[in-house]
Amino acid sequence: MILDPVGGEQVNELMDLLADGGTLLFYGGLAGKPMSLPSIGLAHRALTFRGVSAGRWVRTSSRERRRAGYAEALAVARSVPEQFNVTAEYDLARFAEAIEAAEKPGRTGAILLNSDL
C-alpha cells in the first residue's frame, strides 16, 4: 500500500511501485493538478485506487468510533513529538483564535484544536 497526499502526475509513478494486488490510498490533492490513472495497469495487475477523507469519516462514523480514532491518532502523535512542528494548541472553545493563528503569515507549525467532547 502507498499513501498519497499529493496526487497529480506522480500517481503513475506511484502505481508502478506497487506489487500486484496493491492499493494506492489517496487522501489529498497537494499537487493541485488532475490525475491520470493507468487503467490497463489497474486491470492487469489488480491494483486498487482508493480515495479517503477525514470529512467523510466524520460524517459516516459513530461518535464512539470517531472518539477512538482521535484518541489513537493523538497517542501516535504524542509518542513521536519530534515528528510534529506545533506552533500552538487551542481548546475548541477558542476556535476563532485558532483560525487567526493558522492564517498568520510565516507560520511554520501546525495549529492544534482539542476538546473534551
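Residues numbered from 1 in each chain as written. Predicted model: local features only at pLDDT ≥ 70, side-chain atom pairs only at ≥ 80, totals over all residues. Heavy atoms only, no water.

(A) Region of interest: the nonpolar core. Counting nine residues, the largest nonpolar core is built from I2, V11, L14, M15, L18, L24, F26, L42 and L47. Of all elements in the fold, only α1 (10-17) and β2 (23-26) reach the threshold of two or more residues within this core. Here this core gets three residues from one element, more than from any other, and that element is α1. When residues no more than four places from it in sequence are discounted, the contact partners of I2 are L14, L17, L18, T23, L24 and L25. Core analysis: the second largest hydrophobic core is formed by five residues, A88, A98, A101 and I111 among them. (Core = buried A, V, L, I, M, F, W, Y, C linked by side-chain atoms within 4.5 Å. Buried < 20%, exposed > 50% of the residue type's maximum accessible area, 1.4 Å probe, protein only. Helix = DSSP H or I, 4+ residues; strand = E, 2+ residues; numbered from the N terminus. Contact = heavy atoms within 4.5 Å.)

(B) The arrangement of the pairing of strand β4 (residues 86-91) in detail. In this sheet, strand β5 (residues 110-114) lies alongside β4 in parallel orientation, the contact comprising five bridges. Considered in β5, the bridge of D91 is made with N114. In this fold, β4 hands off to helix α5 (residues 95-102), which returns the chain to β5; that crossover is right-handed. (Pairing = 2+ DSSP bridges. Right-handed = clockwise from strand over helix to strand, strands pointing away.)

The analysis is restricted to geometry; functional conclusions fall outside its scope.
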